[in-house]
Structures are given as structure tokens and as C-alpha cells.
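Structural description and commentary
Residues per chain, in single letters:
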Amino acid sequence: ALQGYNVYRTDNTGTGAFTKINANIVTALTYADVHPSTTPLASKWKYFVKDVFFNSVDQSFLCEASSDTILVNFPATGINELGNGQIMIYPNPATELVNVKSDYTINRIDVINFVGQPVYSNTAVDSKTTKIDVSNFAVGVYFVKVSTSEGIKTVKITVTH
């Protein structure tokens, strides 16, 4: 069973060997890396993540399924995350319909299952509210990525039936 994740990175040149940077298995879907104050202003870090599975046969942890390697330039630039605006996704857990309400116009909604496979996409929402029919989704955890005119927010939901 999936227990969490290990995060690996290079040195600030992006060319050194990868080393694991988390002390304990990460169970959250986000990880904030803290760099030393001596980090040069212009740095390049490479990262990848490994899933950590528990082997119930011999009671051991196995690291498998590495992610793609990404390069992060510091200072970082990228996706505009929503600031003061609010996005509500409810009910959670959900059984049939999920309501999505935003302070901003929603352009697109994508739903991804726990292993990263897309299971739903609506690229033409053009509204501040919408609904997602999850009645045919398998029971489990999903990530709802809401793209608005002001940025992107991703929320974890659970589908139960």
C-alpha cells in the first residue's frame, strides 16, 4: 500500500548527485523545500519524487515509481496561485455531485485520480459555478484542479458511494 513519498534534489547548480531531502516519509501532496540562507540568488535545483510502498509480505518499505525530474530556477516564476479569492468544492466526501464555486470565472476543471491519471475534464466552463458528476467514479481520492481567470487551485476530494 502507498505510504507516502520521498523527495530528492540536486545541489543549487542542478548538476550534482540527487539526495533525499525529507527526514520522514511525506504524506501531504505538497512539500516546501527550505534552502540555506547562503543559497546564491540565481540557482537551479532539480527534483524528483519516489512513491513509498509498504510490502505486506516481508513487512518492509519499497521505493518505486520515480516521477519525472523537474528543474526549478530560483527565484521561481510560474503558475499564479490564487491569493485572496476563494474556491469552494463541496460536499467532500462526495457521492454523486460535486459543486464548485469560485470568486473568479472558472475556465477549466480537471479531475485526476490518485495515481495521476485524468478522469474528467471540462475545458469550457466560463462560469463562477459548476457541478461535477462523480457518480461513475470509483471510490477513492481525486484531485480537482480549478483553472480560473486569476490563477489555479487544486483540491483533494474523496468519492464514496
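Only a predicted model underlies this, so the values are computations on that prediction, with no experimental measurement involved. (Residues numbered from 1 in each chain as written. Predicted model: local features only at pLDDT ≥ 70, side-chain atom pairs only at ≥ 80, totals over all residues. Heavy atoms only, no water.)

Things to note about the nonpolar core
Applied cut-off: Only buried Ala, Val, Leu, Ile, Met, Phe, Trp, Tyr and Cys residues count toward a nonpolar core, and they belong to the same one when joined by side-chain atoms within 4.5 Å. The cut-offs for exposure are 20% and 50% of the maximum accessible area for each residue type, with area from a 1.4 Å probe on protein chains only; residues under the lower value are buried, those over the upper are exposed, and the others partly exposed. Helix and strand labels come from DSSP, where a helix needs a run of H or I of at least four residues and a strand needs a run of E of at least two; each type is numbered from the N terminus.
In this structure, Ile-89, Val-98, Val-100, Ile-132 and Val-144 are the most contacted members of the largest nonpolar core, which totals 17 residues. Of all the secondary-structure elements, those providing two or more residues to this core are strand E6 (87–90), strand E7 (97–113), strand E10 (140–148) and strand E11 (151–159). A per-element tally of this core places E7 first, with five residues.

Some thoughts on unusual backbone geometry
Cis geometry is adopted by the peptide bond preceding Pro-91, which originates at Tyr-90 and carries an omega value of -5 degrees. Topologically, Pro-91 is positioned in the loop between E6 and E7. Residue Pro-93 follows Asn-92 across a cis peptide bond; omega there is 10 degrees. Within the element layout of this structure, Pro-93 appears in the loop between E6 and E7. Its identity as a non-glycine residue notwithstanding, Asp-126 has a phi of 50 degrees, on the positive side. Here Asp-126 is to be found in the loop between strand E8 (118–122) and strand E9 (127–133).

Some remarks on the environment of Val-119
Let me state the cut-off plainly: Residues are treated as being in contact if the distance between any of their heavy atoms lies within 4.5 Å.
Its place among the elements puts Val-119 in strand E8. Sequence spacing of Val-119 and Tyr-142 is 23 residues, and the spatial spacing of their C-alpha atoms is 9.0 Å. Apart from the residues within four sequence positions on either side, Val-119 is in contact with Val-111, Ile-112, Asn-113, Phe-137 and Tyr-142.

Comments concerning the pairing of E6
To keep it simple, the criterion reads: In this description, strands pair whenever DSSP reports at least two bridges between them.
The side-chain alternation of E6 yields one buried face, formed by Ile-87 and Ile-89, and one unburied face, formed by Met-88 and Tyr-90. Sheet topology places E6 next to E7; four bridges connect them, and they run antiparallel. Bridging from a neighbouring strand, Met-88 pairs with Lys-101 of E7. Hairpin geometry of E6 and E7 is characterised by an intervening segment of six residues between the two adjacent antiparallel strands.

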